[in-house]
Each structure stands twice: as C-alpha cells, then as structure tokens.
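Overview (structure and organization)
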There are 2 protein chains.
Amino acid sequence: MRISEVAALALATRLLETHGAPRDHAVLQARVLVTAEMKGHPAHGLRRLAQLVERIERGVIDPGTKGTQRWRADAVIEVEGSSGFGPVVAMAAIERLAPHIPDLGIGLVAVRNANHLGMLAHYVEAIAAMGFIGIALSSSESQVHPFGGTRAMLGTNPVAVAVPTAEEPLVLDLATSLVPMGRINHHAATGRPIREGWARDAERHPTTDPVRAKAGAIAPFGGAKGYGLGIAMELLVAALAGSALAPDVRGTLDSHSPCNKGDVFILIEPSLTPGLPARLSAYLDAVRASPPAKAGEPVLVPGDRARRRRETAGRDGFDIDQRLWEDLNALSRSRILAFEGQRS
Amino acid sequence: MRISEVAALALATRLLETHGAPRDHAVLQARVLVTAEMKGHPAHGLRRLAQLVERIERGVIDPGTKGTQRWRADAVIEVEGSSGFGPVVAMAAIERLAPHIPDLGIGLVAVRNANHLGMLAHYVEAIAAMGFIGIALSSSESQVHPFGGTRAMLGTNPVAVAVPTAEEPLVLDLATSLVPMGRINHHAATGRPIREGWARDAERHPTTDPVRAKAGAIAPFGGAKGYGLGIAMELLVAALAGSALAPDVRGTLDSHSPCNKGDVFILIEPSLTPGLPARLSAYLDAVRASPPAKAGEPVLVPGDRARRRRETAGRDGFDIDQRLWEDLNALSRSRILAFEGQRS
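Here the structure is a predicted model, which means the values were calculated and not measured.

Definitions and cut-offs
Residues numbered from 1 in each chain as written. Chains lettered and ligands numbered in written order. Predicted model: local features only at pLDDT ≥ 70, side-chain atom pairs only at ≥ 80, totals over all residues. Heavy atoms only, no water. Patch = residues over 30% accessible without salt bridge, like charges linked within 9 Å, V, L, I, M, F, W, Y side chains within 5 Å. Areas by Shrake-Rupley, 256 points an atom, 1.4 Å probe, with all protein chains shown as cover. Salt bridge = Lys/Arg side-chain N within 4 Å of Asp/Glu carboxyl O. Lys, Arg positive; Asp, Glu negative; His and termini not counted. Charge placed at Lys NZ, Arg CZ, Asp CG, Glu CD. Helix = DSSP H or I, 4+ residues; strand = E, 2+ residues; numbered from the N terminus. Buried < 20%, exposed > 50% of the residue type's maximum accessible area, 1.4 Å probe, protein only. Contact = heavy atoms within 4.5 Å. Domains from an automatic or database assignment. Buried area = accessible area lost by both parts, 1.4 Å probe. Axes fitted to C-alpha atoms, helices over the stretch in contact; angles between N-to-C directions. Parallel < 35°, antiparallel > 145°, perpendicular 65-115°, else oblique. Nonpolar A, V, L, I, M, F, W, Y, C, P; charged D, E, K, R; others polar. Least-squares fit on C-alpha atoms with pLDDT ≥ 70 in both. 1 Å grid on protein atoms, 1.4 Å probe; cavity = no way out; pocket = protein on both sides within 12 Å on 5 of 7 lines; lining within 4 Å. Points joined across faces, edges and corners; volume = space filled by probe spheres on them.

As a further point, take a negative patch on the surface. A contiguous patch of negative charge, built from Asp74 and Asp103 of chain A together with Asp74 and Asp103 of chain B, is present on the exposed surface. With respect to the secondary-structure elements, aspartate 103 of chain A resides in helix H5 (residues 101–104). The exposure class of aspartate 103 of chain A is exposed, given its relative accessible area of 55%.

Here's what the structure looks like:
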C-alpha cells in the first residue's frame, strides 16, 4: 500500500513519544526512518520501529538521553551514548562541534554505546547543509567474511561522505559488504535464491540459499580492496571510539542487548578558494554527461538516485508492506490508550 | 638482476643530489622510490627516477623547496607545493602538524602543486610511527571511467589508512581503479592481453588489448561502490586542496607539465582507553587465524604482504630490470662527471 511522508512521520513520532521519547527526540528518530523508506532502503526504515519500541520496553534504549559529551581534545568530542537513540546522540554532538569548525578547520565526534544510526547519509547531508564536508563511519555485528576467508569477522562497516558544491552535494553512502543483509533477508522472505559469491553458510561453504546465508557470512564488496577498506574502517572506529570490535558487537540487530558499537563523524571546512564550489558542480555535471555504457542509462553521481527517489516519495508517497503498516498502527493505538490511561 | 637496498638508495640519492636536490630531500625522495620497489610495486619505484631527473631539468620540479605552509585554521595547514618533490613537501607539512595533534586531537594538511607522492603507504606509516592514525589521499590525471560510463573522468584516486596497534599497524593503501595503469603497461610491454572488464579503448569499447587500453580508461574497482568511493575522493581532495579535478590534472605521468594535483593528509590521536591497542592487535590476529577459503592460504590483513616483502628485500635484495639499472648508473656517472666539472 502507498502512504504519505506526513502520515509515516506522524505515526512514527507518536509511537516513540508514547514510549517516553521527548518530542524532539521522537521527531528526529522518526525522520531518519522515514527518509530511508523514501530513498528506497526499507531495511533502514519503518520495520525498525517495532524493534526500537521493544528495545525501549526492555530498557536497552533510553529514549530521553543525548549521551554525555566531553571535549577529549581541542577538536574532538567524545560521547558516552548511554543507550540513547543513535540519531539523537549523534546529531547533538555534531551540532555542538559544528560552530567551532570555521575556527578549527576540522573536528571529530567519536560515540560509543549509542543505538543504531540508520542510514549514514542523513548525518553527512546534515553536515553538508551546514557548509562543511562530512564523513561518517559506524561499526556493527560480525556479518562479513574477510577476502580469502570464510567466517564472519567484520561488520558491514558503512562509510558516508558528503562534499558540498554550488548545487546539490555529492553524497556517498556505502556498506563495505557486497550486498546488505537486508537484501538476503528479502530473498529469504520471498523464497528466491541469492547469487553465487554473495555469501557462505554457517559451515562456511558457499551458498545460494538465503536462509543458510543468514546464519553465515556475506562477502566483502570489491574483493581484496573492499575487504581492506572494511577492516580499516573496523579498526578506525574502534581506535577512535574505544568501542567493541565486530565479534563482540551486540545491539544493532536484536531487541535485547545494550548497543556497544561505535560511530565516528568528521566535519571539515572546505578550501575557500574563489569559484571552487562551482568548479566541483561543473565537474559532476561533466561526469553525468559523459558517454554511458548503455544508451539511455546516463552516468550517475553518488546521491543522485536517492535524491530523486526522495523527491518522488515526497510528492507521491511511497509503498510499504501493508501488514507492517497495520501492525504499527495497531501498536500505536494500543499504546495511546495505555498512555492516556496512565495520564488520567 | 638483483640489487641491495643500500645500493639502490645510494644510486637514487646521488642522482638526485647531482641534479640540485639538497641531501635531505634526495634521501627522502630516494627512500620512497626504493621502498616501493622493495614492497613489490615497481611502477612507483626506480623507473620514476629518470622521469624525476628529466622534470628537474625541464624546471617542473624544484628540488630545493619544501613549499609554503600556512595555517588556514587552528588545525589545518595549507601548502602551496611550488613544484617541490611530493614526499619532501608532504613530510615537511606532516612534521609541522604532528606536534600539535596531542592538543588538537585531529588535524589536516592540504597540499596543491607538489609533485607525485609515490605510494601513499609511506606517509600513513610515518604517521602511525608517531602514534597517530593516518589517512592520505591524492588526486591524479583522468584514467578511470565511471561505473556505467566509458570515458576516463576520474583519477586512480588512491586512499591510504594506517591505524597503530600494540604490534604492527594496519596499513591500507589502495587505488580506486580495478587495476593500476602500471599493470596495463606491463601487459603491453610483455605482449599479453588484459582481462575482459579491465579497460576500454579510446573509442570507449571494451578491450583486452593493453596498448589500446593505455589510450582509453580503466574500470573502477568494485562496480558502483568503488566508483562511488573514487569520485568522493576526487571531490574531497579538490574541495580541500583547491587543486585541479582529474580532467585538468597534469604532471604525475609526463615529464614536462607542472604538477597541479592535490594531496590530503589527516592525523588523528586514537582514544587513550586502556588496553585498546592490545585489543586491536588481538582482533587482527583473530582475523588472520580465521578459516581460509583455500587451505594453506591464510587470511591476510592489509599491510601484511608488503611488510613481509619489504623485510625479505631488506635481507636478500630485490630484482630489478637490468637495463633500467644500467641506464640509471650511466645517467649517474655522466652527471657526476658534469657535476665535478662544474665545481672545479
């Protein structure tokens, strides 16, 4: 079924508020989930909502905290996330650091023990909207095997980068796994085999069975290079946030463990060379206009497709699994009744 | 033929000195070239030496300058490279920034108009040896086509990362092209076809002919993701250094153009959480010990192979093309005679 952005935001915000989230925290967490749906990434979308609510009820999310910030050095804020919402803890620290960037030139936020961030694009887009270059990294549970290996030893270790230009920023947001676990789940749910080379099963054999793959490990993207990037990001996040490494990470996938992964955000002021933003935009336009491999399929720049999908979804609404929407509405209604009961 | 590290360093240093390089500049530039040979990357090795000399003679390398440094912000040094040796300009700025990193937590160097850096691993290894996390980026001439595209629009845009641990640092150094241009040159020199999917020719058709590929474009590594990473690095470097974008870059491959690409170095102090470096080492050891896909081929961590090769080459010497070595020796002898003639 098709729903509107406004309806999705309203439901998600209300559900989080009735579970104890202050209004501004609920709005931000809801925004991150709904934007992921609008960009066509439902694995980071509303299906996370029931899990967030369950995590609040089990006490492994504290919906009211922004974490505890501390200036570790002149240009570094360290944050104990204290089981807060990922987006709330992250944006509070980014907004604390941002006013200092024109003086510092570069600054870093390192977060541990906050909950799942959702799509990293959200954070670097927010940083680019402030006029800065943004880099975001986040660690997660072991789901990816090394190149030449067979056992899950790395997180999906996403990397996001946004660079402001005279027009729209370039926005890169990629996981260092060959495919997202969400896609394997989707194949499992629809009974379709996965492609050869995507994953191994729990006995470490190559498999095309998505159900067996879920218990095993996904391949890194791009062979040795993508694995190299993934393990470098694994170490970077742990070395900066002091957080757990993949085999010890819990709490971004389940409903009961405190979340102990790490997040890193870097904000940088671009060179103020006159004409530079226009030169960057002109270059991106030249890339888009360069001859495509297939006629009628123009070359894209990272962020183009997600931006277009988001615009379309903002205008026309977006599709969502009917049962998921009904379940979330039922959850919301029952909670509102309970909530109003408590208040009276 | 096989030569020793000491012999290679002596020859390269002498050749650069007799072309006007101060001793410390010659030693550093020679070190970077020789280390690349020892690590098994001859495309960044001694075959660059004749070109460096030719560039000095044509006035597009100034062997005596370290560039002009300026603090652009509290934590950012901007450098006008003034056609200096890449390694000399870069290391001078890194060494200027490094003593401030314990106070700042993070800092950045942005260089434009310096010459070719060679392998980026050198710089991040130097930063890791100071106890900091190092990130290095550098731009170059258009050699890589976009994912879904056919024309060279991006540099090979290498990325290097080093993270110190309790033992050896993790050292990642990867180009965002599927294969290095050096490998295509090698296939052309030895008359072997290249693999399908590696490159396109100047008419933008897929080709397995290395000679045609040299005039065309290499594919990005890892499909859309590797392309995304490459173009993000392209924009990052230009936005930070104010340097040229790939289609306008000159001077890292030829012998006559001033070099106008950009280089970026980021230095970060790791979290001082007790036990963290040992935890990082233990994790890397667990990855190395994890079950391999092929019996007898253990999982590697980025930097392992290069470190081993370098150790072996330091002990046993390394192989070099005999004609290259003879040519360099002849060049050196003729120059020494001319040099001594000038002095007498």
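Next comes the rest of the write-up.
Our focus in this paragraph is the side chain of serine 290 of chain B. Within the fold, serine 290 of chain B resides in the loop between helix H10 (276–289) and helix H11 (304–316). Residue class for serine 290 of chain B comes out buried when judged on its relative accessible area of 3%. Residues in contact with serine 290 of chain B, not counting those within four places in the same chain, are Pro146 and Met153 of chain A together with Val299 of chain B.

Our next topic: the domain arrangement of chain A. Residue and element names in this part refer to chain A. Split into domains, chain A comes out as domain 1 (1–57 + 319–344) and domain 2 (65–178 + 219–289). Computed over C-alpha atoms only, the centres of domain 1 and domain 2 are separated by 25 Å. Carbon and sulfur atoms supply 58% of the area buried between domain 1 and domain 2, which totals about 1600 Å² over both sides. Ranking the residues of domain 1 by area buried against domain 2 places His25, Val32 and Arg55 at the top, with a combined share of 37%. On the surface where domain 1 and domain 2 come into contact, there are 3 salt bridges.

Quick look at the packing of helix H1 (residues 5–17) of chain A against helix H3 (residues 49–57) of chain A now. All names here are of chain A. Interaxial distance between H1 and H3 falls to 10 Å at its minimum, and their mutual angle equals 10 degrees. The pairing of H1 with H3 is recorded here as roughly parallel in orientation. Residues Ala12, Leu15 and Leu16 of H1 lie in contact with H3, whose contacting residues are Leu49, Leu52, Val53 and Ile56. Class assignment for the residues of the contact of H1 with H3 results in 7 nonpolar, no polar and no charged.

This paragraph deals with the relation of the copies chain B and chain A. These two copies of the chain differ by a rotation about an axis and a displacement along the same axis. Note on the identical chains: chain B maps onto chain A by a rotation of 180 degrees and an axial translation of 0.0 Å, with an RMSD of 0.0 Å. As the rotation angle and translation indicate, the two copies are arranged about a two-fold axis. No C-alpha of chain B lies nearer the rotation axis than that of glycine 222 of chain B, which sits 1.9 Å from it. Here 100% of the interface residues in chain B have copies in chain A that are interface residues too; the copies meet face to matching face.

Per the stated rule, a full pass over the model turns up 6 cavities of 30 Å³ or more. Computed from the structure, the largest cavity encloses a volume of approximately 220 Å³. If you trace the largest cavity, you find 18 residues lining it, with Ile135 and Met233 of chain A together with Ile135, Val159 and Met233 of chain B closest to the centre. Mapped onto the lining of the largest cavity, the elements with two or more residues apiece are strand S5 (133–138), strand S6 (159–163), helix H9 (223–241) and strand S11 (262–268) of chain A together with strand S5 (133–138), strand S6 (159–163) and helix H9 (223–241) of chain B. With 4 residues, the single largest contributor to the lining of the largest cavity is H9 of chain B. Grouping the constituent residues of the lining of the largest cavity by class yields 18 nonpolar, no polar and no charged.

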